[in-house]
Amino acid sequence: MSVSIEELRSRHPCFALGAKNNSGRIHLPVSPGCNIGCRFCKRDINDTEVRPGVSSSIITPDEALDAIRKATELMPEIQVAGVAGPGDTLATPYALETFRKIKDRFQDIIKCMSTNGLMLAERAGEVIEAGIDSLTVTVNAVDPEILAQINEFIIWQGKRIEGIEAAKILIENQLEGIRRVSAGGVTVKVNTVLIPEINRDHVKEVAKAVSECGATIYNIIPLIPQHKLSHCTEPSCELLYEVRKEAEEYIKVFRHCSRCRADAVGLPGGKDISKQIYLREIKAENTFSHG
Ligand code: CLF
Ligand code: SF4
């Protein structure tokens, strides 16, 4: 049985509506690869930047269990184990393998996974089976013309597909995936990266569409202008406020996002102990990042 939405609101830092609930999370950087190309995503491994998807090393599912044990001993506020990259969680098998192991070893910890949703319709059964309590799907547009400006390509059935065709496939899989996992009792949150020049007027339509598919909470993340979208602007607080208000007509909105790294450990926006947990040297391979 997945954890109820009421319990998520009090124990999961990314499901607190209104005031923060001061619970923490450990991100387990077990997912190295990605299967789509978001234009704002600079795939990187380093240990200086603070943003989604950047992580200083990749760990194995067994190392993830050790990390949870250490982190919860050091910081009892940590209630959630999440996988948010640095690549996509369903592009490689490691995230689901990690959650199956967590399910056996740590019954009390909330299992949280984040995905771009390309493989979600196909893998929904496994997500439910692994006992994921909260799933985040990043949906940046539900109109293929708009999504094609944000996403460059997908790798689908072994082929690289670009443009509007790629956007159509991605949107279909995201929405069908959300329907399937929600129907299976998993609480679904949707993240949208707000890009003023591209999807500002479209966010409310995303909120409406994902809510109709069963998502129950929505998080609008301001763009960090970089990579192929470095010419776009970072949304102002006023713009973010307005867009959140528009989305709120359709779905509950989370407002405390800290744009965490894929190996963050501690309280989002507060104390971080990742340096004490992930001591290993950086593995200098190319990895991918989650948004
Ligand atoms: Fe991590 Fe994401 Fe789970 Fe939270 S983060 S996988 S739902 S446990 Fe939270 Fe961090 Fe914002 Fe993500 S503050 S970037 S919304
Ligand atoms: Fe993949 Fe996430 Fe980067 Fe998008 S933001 S390309 S889904 S790793």
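Preceding block: the structure.
Keep in mind that what you see is a predicted model, and the values were worked out from it rather than measured. Position numbers for residues count from 1 along each chain, tracking the sequence in the order it is written. The lettering of chains begins at A and the numbering of ligands begins at 1, in the order of writing. Whole-chain, interface and lining totals are the exception, using all residues; otherwise, since this is a predicted model, local features are given only for residues with pLDDT of at least 70 and side-chain atom pairs are given and counted only at 80 or more. Think of the side-chain values as coming from all heavy atoms in the structure, minus any hydrogens and water.

J.: Looking at this structure, I do not really get the overall build of the protein chain. What am I missing?
T.: Across its full length, the protein chain holds 10 helices and 11 strands. The C-alpha atoms of the protein chain give 17 Å as radius of gyration, which agrees with the globular expectation for 291 residues (19 Å, within 12%). Taken over 291 residues, the protein chain has a buried fraction of 57%. When checking whether two residues touch, look at their non-hydrogen atoms; a contact exists if any pair is within 4.5 Å. In the protein chain, once contacts between residues fewer than 6 apart in sequence are set aside, the share between residues at least 24 apart is 77%. Shrake-Rupley sampling with a 1.4 Å probe provides the accessible areas, and residues are treated as covered by the protein chains on show and by no other component. Accessible area for the protein chain stands at about 12200 Å²; split by element, carbon and sulfur atoms hold 50% of it. Counting rule applied: Lys, Arg positive; Asp, Glu negative; His and chain ends not counted. Note on charges: their place is set at NZ of Lys, CZ of Arg, CG of Asp or CD of Glu. Each charge class in the protein chain was averaged separately, 36 positive and 39 negative side chains, and the resulting centres sit 2 Å apart. A helix here means a DSSP run of H or I that spans at least four residues, while a strand means a run of E at least two residues long, and both kinds are numbered starting from the N terminus. Two things to know: the radius of gyration comes from C-alpha atoms, and the globule rule equals 2.2 Å times the number of residues to the power 0.38. In this scheme, a residue with accessible area under 20% of its type's maximum is buried, one over 50% is exposed, and one in between is partly exposed, where area comes from a 1.4 Å probe on protein chains only.

J.: Sorry, what's going on with the layout of surface pockets here?
T.: Using a probe with the size of a water molecule, rolled over the atoms, empty space left in the structure can be pinpointed. Cavities and pockets were defined on a 1 Å grid built from protein atoms only: a cavity is a group of points that admits a 1.4 Å probe but offers it no way out, a pocket is an open group of points flanked by protein on both sides within 12 Å along at least five of seven lines, and a lining residue is one with an atom within 4 Å of any such point. Grid points are joined across faces, edges and corners, and a volume is the space filled by probe spheres set on the points. In this model, the second largest pocket occupies a volume close to 250 Å³. Met1, Ser2, Lys111, Gly131 and Asp133 are the residues nearest the centre of the second largest pocket, which is lined by 16 residues in total. Taken together, the residues of the lining of the second largest pocket break down into 5 nonpolar, 5 polar and 6 charged. For this scheme, ten residues count as nonpolar: Ala, Val, Leu, Ile, Met, Phe, Trp, Tyr, Cys and Pro. Four count as charged, namely Asp, Glu, Lys and Arg, and the remainder, Gly too, count as polar.

J.: Please explain the packing of aromatic side chains as it appears in this structure.
T.: Each aromatic ring pair is specified by the distance between its two centres and by the angle formed by the two planes. By convention, a stacked pair of Phe, Tyr or Trp rings (six-membered ring in the case of Trp) has centres within 6.5 Å and planes under 30 degrees apart, an edge-to-face pair has planes over 60 apart, and any other such pair is tilted. A full pass over the atoms with the stated rule returns 0 aromatic pairs. Above the ring of Phe153, the side-chain terminus of Arg160 is found at 4.0 Å from the ring centroid. Lysine NZ or arginine CZ positioned within 6 Å of the ring centre and within 35 degrees of the ring normal marks a charge as sitting over the ring.

J.: So what exactly am I meant to see when it comes to the sheet that holds strand 8 (residues 187-194) here?
T.: An order of 10-9-8-5-4-3-1-11 is seen for the 8 strands of this open sheet, with the pairing classed as mixed. Sheet topology places strand 10 (252-254) and strand 11 (265-266) at the edges, where each strand pairs with a single neighbour. Two strands are counted as paired when DSSP detects at least two bridges linking them. One ladder, built from 4 bridges, connects strand 3 (residues 78-83) with strand 4 (residues 110-115); its direction is parallel. Within strand 4, the position partnered with Val83 by the bridge is Met113. An axis is simply a line fitted to the C-alpha atoms; with a helix, the fit covers only the stretch in contact. Between two such axes, the angle follows the N-to-C directions and lies from 0 to 180 degrees. Across the face of the sheet, helix 3 (residues 94-105) comes into contact with strand 3 and strand 4 while running at roughly 175 degrees to strand 4. Those strands touched by helix 9 (residues 237-247) are strand 8, strand 9 (217-222) and strand 10, and its axis lies near 160 degrees from that of strand 9.

J.: What exactly am I supposed to notice about the sheet that holds strand 2 (residues 36-38) here?
T.: Across a sheet, strands are paired by hydrogen bonds formed along the backbone, either parallel or antiparallel in direction. Across the sheet, 3 strands lie side by side as 2-6-7; this open sheet has antiparallel pairing. A strand with exactly one partner marks an edge of an open sheet, and here the two such strands are strand 2 and strand 7 (159-162). Averaged over all pairs of adjacent strands, the angle between their axes in this sheet comes to 20 degrees, without regard to strand direction. With 4 bridges connecting them, strand 6 (residues 151-156) and strand 7 associate as antiparallel partners. Across the sheet, the residue bridging to Ile154 is Ile161, located in strand 7.

J.: Which parts of the structure should I look at to understand the pattern of salt bridges?
T.: Close approach of charged atoms lets side chains of opposite charge pair. Each salt bridge in this description consists of a side-chain nitrogen of Lys or Arg and a carboxyl oxygen of Asp or Glu lying within 4 Å of one another. One pass over the structure, following the stated rule, counts 17 salt bridges. For Glu176, the salt bridge is made with Arg180, and the minimal N-O distance between the two is 2.9 Å. Placement of the pair is Glu176 and Arg180 together in helix 6 (residues 163-183), with a separation of 4 residues, close to one helical turn. Across the pair Arg255 and Glu248 runs a salt bridge whose closest N-O atoms are separated by 2.6 Å. Put simply, Arg200, Asp201, Glu242 and Glu246 are held in one network by salt bridges that share partners.

J.: So what exactly am I meant to see when it comes to the nonpolar core here?
T.: Nonpolar side chains in soluble globular proteins generally cluster together in the buried interior. Counting residues in hydrophobic clusters, the biggest one holds 79 residues, and the most contacted among them are Ile26, Leu28, Val210 and Tyr218. Among the elements that line this core, the one with the most residues is helix 6, at 8 residues. Setting aside its immediate chain neighbours within four residues, Leu28 contacts Ile59, Ala64, Ala67, Ile68, Ala81, Gly82, Val83, Gly85, Thr98, Ile102, Ala262 and Tyr278. Residues Cys14, Phe15, Ile217 and Phe254 belong to the second largest nonpolar core, which totals 9 residues. Joining through side-chain atoms within 4.5 Å is the link that ties buried Ala, Val, Leu, Ile, Met, Phe, Trp, Tyr and Cys residues into a set, and such a set is a nonpolar core.

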